[in-house]
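Chain by chain, the residues:
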Amino acid sequence: MVSMKQDIHPLLRVLNEQQRAAVTTPTGPVLVLAGPGSGKTRVLTHRIAWMLSEMHVSPWQVLAVTFTNKAAREMNHRLGTMLGDTSARAMMLGTFHATCARILRREGETLGLSPNYLIFDTDDQLTVMKQVVADLGLDDKKYRPHNLLNAISSAKNELILPADYPVRTYHDEIVARAYVRYQQTLRKNDGLDFDDLLMETARMLQTNPTVVRQYRDRFQHILVDEFQDTNIAQYVILKQLAAEHHSLYVVADEDQSIYSWRGADYRNIVRLREDFPELLEFLLEENYRSTQVILDGAQAIIAQNSDRTPKHLFTEKKGGQPISLNEAYDEQEEADFVADETTRLLRNGHKHGDIAVMYRTNAQSRALEESFIRHNIPYRLIGATRFYSRKEIKDVLGYVRLAHNPDDDVSFARVINVPPRGIGARTISAVAAAAQRAGGSLYAGMLALIQAGGQGGRTERALSAFAAMVAQWVVLRQELSVAGLIDRVVADTDYETFIRDGSDQGESRWENVLALRAVVAEAPDISLTDFLTDVALVADVDELSEEVDAVTLLTLHSAKGLEYPVVFLTGLEEGLLPHSRSIESAVEVAEERRLLYVGMTRAERRLYLTYAFRRSWRGFRDSEPSAPSRFLEDLPDAVLKQPRDRGRQATKTSWTPSWRAAPKRAEAPVRVELQYRTGQRVAHAFYGEGMVLGSELEGRQEMVTVLFGNGIGVKKLLSSMAPMEPLPQH
DNA sequence: ACTTAACGGGAATAA
DNA sequence: CCCGTTAAGT
């Protein structure tokens, strides 16, 4: 039934029928299955507004969980303009991690957590785990701290406590011991890792009737975005909170589930249906983002996955520019193609900010950056080295963390001799030994050591000076703002002189310190605890501002939830997408495919897919040949700008980059006839005519070095792969 | 005690 | 290539 516009509630006017149904449904468990670009953020926002204005829900009773802090901010802003700032501010709105951090700050004491706990990031976790491996006398080659952390993270995501870690093998036994020790060490340092935030919250809600009642009363209405990427701990939190009122409103797209490696389990959708049998489901199938061509391409890719609900996405943006599929010689040429094409788009009226370049791994950004610099195109890079993981930032935060809690051994060990102040390895072991004896922190150990005396003048003076400095910071943190405290620690440690060593890198590091200082200045009243919590929970995408007009470089994972008029997806090669680490598992390959789907569906108007013919792998001096991604085979020619070169399809046999290949076995020498001789003239399908500079066997392959004309220059090609043939001699 | 060079091993996505 | 570790030099 078509209703007259004026009969429709103002909140609903901008919505289509499906969206309207989802927004106005009575409270209760609701699952909105939303395709990409189908306006799920809009639905969530309008649903909240609808509940507040039409269903007598108080903002205080609403908990909304988003995937990024940025999404939370945006939703908050939209609701603010729709309803007025006050009601928007009363809601609890944030990511799972941020929300749990807040709850634990208030209630954690029931679990024995200090209200001033700090969040330990990946770096800190690794520091702690290295200590654990050393303490337990484990071989760190056999039990890599990194791997142990992964195992522990998986356990935490499934709410498995150290004491309950399942042991089936000796290896499990070691992991279990490491887990116990790791958790003890974290707590001794008053730290929680990212997974703890979720696990401890879930555990508290499961075990503490008083707390759970309090939060069920408070959060009578819960809304969740990106539900397909929740893990078990997150699901338990939701289930516990919603157990009484059953007002749980989740938005999901199983085709965009790309975080299983972080414990996300899209079967939570199945659990939801089981745990809330009265669940109502809504579909959002109209896409408002992309053109039909882009949508068709993306659909063709995702349709190949089994175990999914088929969807009928459609858009009114019929037709559109065909998808451009491009092969480049290597990663440099690929990057140059992206830059050249960007320049062309800019000439045709696009802004830099319209354009995003996406890739599977952060390492791929390098070639792109270099090319953008050469072409003088402003860009910004998301991810890579997180701002808050940079050495200089971690150092300064280390001092600040010591002021917050001098018993934080991780921070203590990090900064005790930074900048170098004559406290070397010897002295540090003495401090550690004293701490051990006293059963206290390193800081306590240091104080004990100073009191006992007898270290020798130099060392004693250095230690006392450091101790006095830290003690002073602890006092000053009460009276100074965070900005003031940072100024003070930087001044006291003479950090500027240390970091500005005259090199360009030093300058850039100092600029980062100043940038940190500027960030703090924007929140003059923030408490030290809140500041340190925020810092730990910022994601790089959170910092993405629309005001900067630059091309965005980011991983496919970071791109989730974003959209751009023009998108380049680069490195679409076997080994990269799907990634070599996923290639042997069908389940993981399916997730890689979803990753491509997520990338493609970010594009509004123009989509470029690129792959390189050969690619350099880190330390290898020569690049390795690569094959186009198997996923590209599933693109119908109809959506492509030019039909594909059928000769260069991915082979179905699994391909491994050389650095993953099995060690070369001694083989009987195989005589291979060289096809090309130095001086030979050749014709190449892309590069035209050239002259062979040399030809040699590489393994069993003939590698030909050819000089091409037209400014193309020297290329190294595999005779078996290259679309190239010898020309008759004159 | 600190700095520097040489070496070896590992290599994905991220709150 | 980048990291951390180690050995030798300041």
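All chains use their own residue numbering, which begins from 1 and follows the written sequence. Each chain takes a letter, starting from A, and each ligand takes a number, starting from 1, following the order in which they are written. Two thresholds apply to this predicted model, a pLDDT of at least 70 for residue-level local features and 80 or more for giving and counting side-chain atom pairs, whereas whole-chain, interface and lining totals are computed over all residues. Excluding hydrogens and water, the side-chain values take into account all heavy atoms of the structure.

### Here we look at the sheet that holds strand S3 (residues 92-95)
If you walk across this open sheet you meet the six strands as S3-S2-S6-S7-S1-S8, and the pairing is parallel. Since the sheet does not close on itself, it has two edges, and those belong to S3 and strand S8 (280-284), each with one partner. Direction aside, the axes of adjacent strands within the sheet are offset by 15 degrees on average. When DSSP finds two or more bridges between two strands, those strands count as paired. A run of H or I in DSSP counts as a helix once it spans at least four residues, and a run of E counts as a strand once it spans at least two, with each numbered from the N terminus. Two strands pair when backbone bridges link them, and strand S1 (residues 30-34) and strand S7 (residues 248-252) are joined in this way by four bridges, in the parallel orientation. Looking at S7, one finds that Leu-31 is bridged to Val-250. The contact rule is simple, with two residues in contact once any of their heavy atoms fall within 4.5 Å. Simply put, an axis is a line fit to the C-alpha atoms, just over the touching stretch for a helix, and the angle between two N-to-C directions goes from 0 to 180 degrees. In this fold helix H12 (residues 268-275) packs onto S1, S7 and S8, with an angle of close to 150 degrees to the strand it touches most, S1.

### As for the packing of aromatic side chains
Each pair of aromatic rings taken from Phe, Tyr and Trp, with Trp reduced to its six-membered ring, is defined by centres within 6.5 Å and is described as stacked if the planes are under 30 degrees apart, edge-to-face if over 60, and tilted in the remaining cases. Going through the model one piece at a time under the given rule, you end up with 15 aromatic pairs. Aromatic side chains Phe-67 and Tyr-259 sit 5.3 Å apart centroid to centroid with 50 degrees between the ring planes, which places their arrangement in the tilted category. Of this pair, Phe-67 sits in the loop between strand S2 (62-66) and helix H3 (69-83) while Tyr-259 sits in the loop between S7 and H12, and the two are 192 residues apart along the sequence. Only protein chains enter the calculation, and the probe is 1.4 Å; a residue is then buried if its accessible area is under 20% of its type maximum, exposed if over 50%, and partly exposed in between. With a relative accessible area of 24%, Phe-67 lands in the partly exposed category. The structure contains a cluster of three or more aromatic residues connected by ring pairs, namely Tyr-399, Trp-473, Tyr-495 and Phe-498. Over the ring of Phe-120 we find Arg-401, and its NZ or CZ is 5.0 Å from the ring centre. Comment: the charge-over-ring label is applied if NZ (Lys) or CZ (Arg) is within 6 Å of the ring centre and within 35 degrees of the ring normal. The lysine or arginine in question, Lys-560, covers the ring of Phe-67, its NZ or CZ lying 4.1 Å from the ring centre.

### Examining the packing of helix H7 (residues 145-157) against helix H8 (residues 170-188)
Where H7 contacts H8, the axes come no closer than 10 Å and their chain directions differ by 80 degrees. Classified by the interaxial angle, the pair formed by H7 and H8 is roughly perpendicular. Contact residues: Leu-148, Leu-149, Ala-151, Ile-152, Ala-155 and Lys-156 in H7; Val-175, Ala-178, Tyr-179, Tyr-182, Gln-183 and Leu-186 in H8. Throughout, the ten residues Ala, Val, Leu, Ile, Met, Phe, Trp, Tyr, Cys and Pro are labelled nonpolar, Asp, Glu, Lys and Arg are labelled charged, and all others, Gly among them, are labelled polar. Across the contact of H7 with H8, the residue classes break down as 10 nonpolar, one polar and one charged. The scheme is simple: roughly parallel for angles under 35 degrees, roughly antiparallel for over 145, roughly perpendicular for 65 to 115, oblique for anything else.

### Things to note about the confidence of the model for chain A
Across the chain, each position has a pLDDT score giving the predictor's confidence in that residue, from 0 to 100. With 93% of its residues at a pLDDT of 70 or more, chain A shows a mean pLDDT of 88. When mean pLDDT is taken per element in chain A, strand S6 (residues 221-224) scores highest with 98 and strand S20 (residues 713-718) scores lowest with 76.

### Examining the packing of helix H5 (residues 96-107) against helix H24 (residues 528-537)
Running from amino to carboxyl end, H5 crosses H24 at an angle of 155 degrees, the nearest separation of the two axes being 10 Å. Between H5 and H24, the interaxial angle falls into the category roughly antiparallel. By crossing handedness, the relation of H5 to H24 is classed as right-handed. Mapping the contact onto sequence places His-97, Ala-98, Ala-101 and Arg-105 in H5 and Thr-529, Thr-533 and Leu-537 in H24. What makes a crossing left-handed is the near helix being turned counterclockwise from the far one by less than a right angle; a clockwise turn instead makes it right-handed.

### Some words on the sheet that holds strand S14 (residues 603-612)
Taking strand neighbours across the sheet as the criterion, the six strands line up as S9-S14-S13-S10-S12-S11 in an open arrangement whose pairing is parallel. With one partner strand each, in any of the chains shown, strand S9 (324-328) and strand S11 (379-381) form the two edges of the open sheet. Here the average twist between neighbouring strands, direction ignored, is 20 degrees. Two strands pair when backbone bridges link them, and S9 and S14 are joined in this way by five bridges, in the parallel orientation. Residue pairing in the sheet places Asn-326 in a bridge with Thr-610 of S14. Against the sheet, helix H14 (residues 331-347) contacts S9, strand S10 (355-359), strand S12 (551-555), strand S13 (564-569) and S14, and its axis sits at roughly 155 degrees relative to S14.

### Some thoughts on the environment of Thr-110
Structurally, Thr-110 is set in the loop between H5 and strand S4 (118-120). Taking the relative accessible area as the measure of exposure, Thr-110 reaches 47% and is therefore partly exposed. The spatial distance from the C-alpha of Thr-110 to the C-alpha of Met-204 is 7.9 Å, given a sequence separation of 94 residues. Apart from the residues within four sequence positions on either side, Thr-110 is in contact with Met-204, Asn-208 and Val-211.

### A look at helix H16 (residues 391-404)
Three- or four-residue spacings in an α-helix give side chains the same orientation, since the helix completes a turn every 3.6 residues. Residue count minus one, scaled by 1.5 Å, sets the expected span of a helix. For H16, built from 14 residues, the straight-helix expectation of 20 Å at 1.5 Å per residue is met to within 8% by its first-to-last C-alpha distance of 19 Å. Buried residues dominate H16, accounting for 13 of its 14 residues.

### Some words on the side chain of Asn-268
If you trace the backbone, Asn-268 turns up in helix H12. What makes Asn-268 buried here is its relative accessible area of 0%. Non-local contacts of Asn-268, meaning those with residues more than four positions away in its chain, are made with Phe-227, Thr-230, Asn-231, Ile-232 and Tyr-235.

### Points about helix H10 (residues 209-218)
Listing the buried residues of H10 in full gives Val-211, Val-212, Tyr-215, Arg-216 and Arg-218. Seen end-on, H10 carries its buried residues on one side only, within an arc spanning 160 degrees. Opposite the buried face of H10, by more than 90 degrees, sit the exposed residues Pro-209 and Thr-210. Two or three places before Thr-210, at the opening of H10, Asn-208 has a side-chain oxygen 3.1 Å from that residue's backbone nitrogen. As used here, the arc belongs to the directions running from the helix axis to the C-beta atoms. Throughout this description, a polar contact denotes any pair of N or O atoms lying within 3.5 Å of each other; where both atoms belong to protein, one of them has to be capable of donating a hydrogen while the other can accept it, and for residues adjacent in sequence the pair is counted only when both atoms sit in side chains.

### Overview of the pairing of S1
Buried residues dominate S1, accounting for five of its five residues. Going residue by residue along S1, you find Val-30, Val-32 and Ala-34 tucked away on one face and Leu-31 and Leu-33 tucked away on the opposite face as well. Here S1 pairs with S8 via five bridges, running parallel. In the sheet register, Leu-33 faces S8, and the bridge partner there is Leu-283.

### Examining unusual backbone geometry
Note that the residue after Val-418, namely Pro-419, is joined by a cis bond; omega there is -10 degrees. Within the secondary structure, Pro-419 sits in the loop between helix H17 (409-415) and helix H18 (425-438). Residue Leu-577 is joined to Pro-578 through a cis peptide bond whose omega torsion reads 5 degrees. Inspection of the secondary structure puts Pro-578 in the loop between S13 and helix H25 (586-600). Residue Asp-190 is not a glycine yet carries a positive backbone phi of 65 degrees. Looking at where Asp-190 falls in the secondary structure, it is placed in the loop between H8 and strand S5 (191-193). In this structure, Asp-494 takes a positive phi of about 55 degrees despite not being glycine. Its location among the elements puts Asp-494 in the loop between helix H21 (482-493) and helix H22 (495-499).

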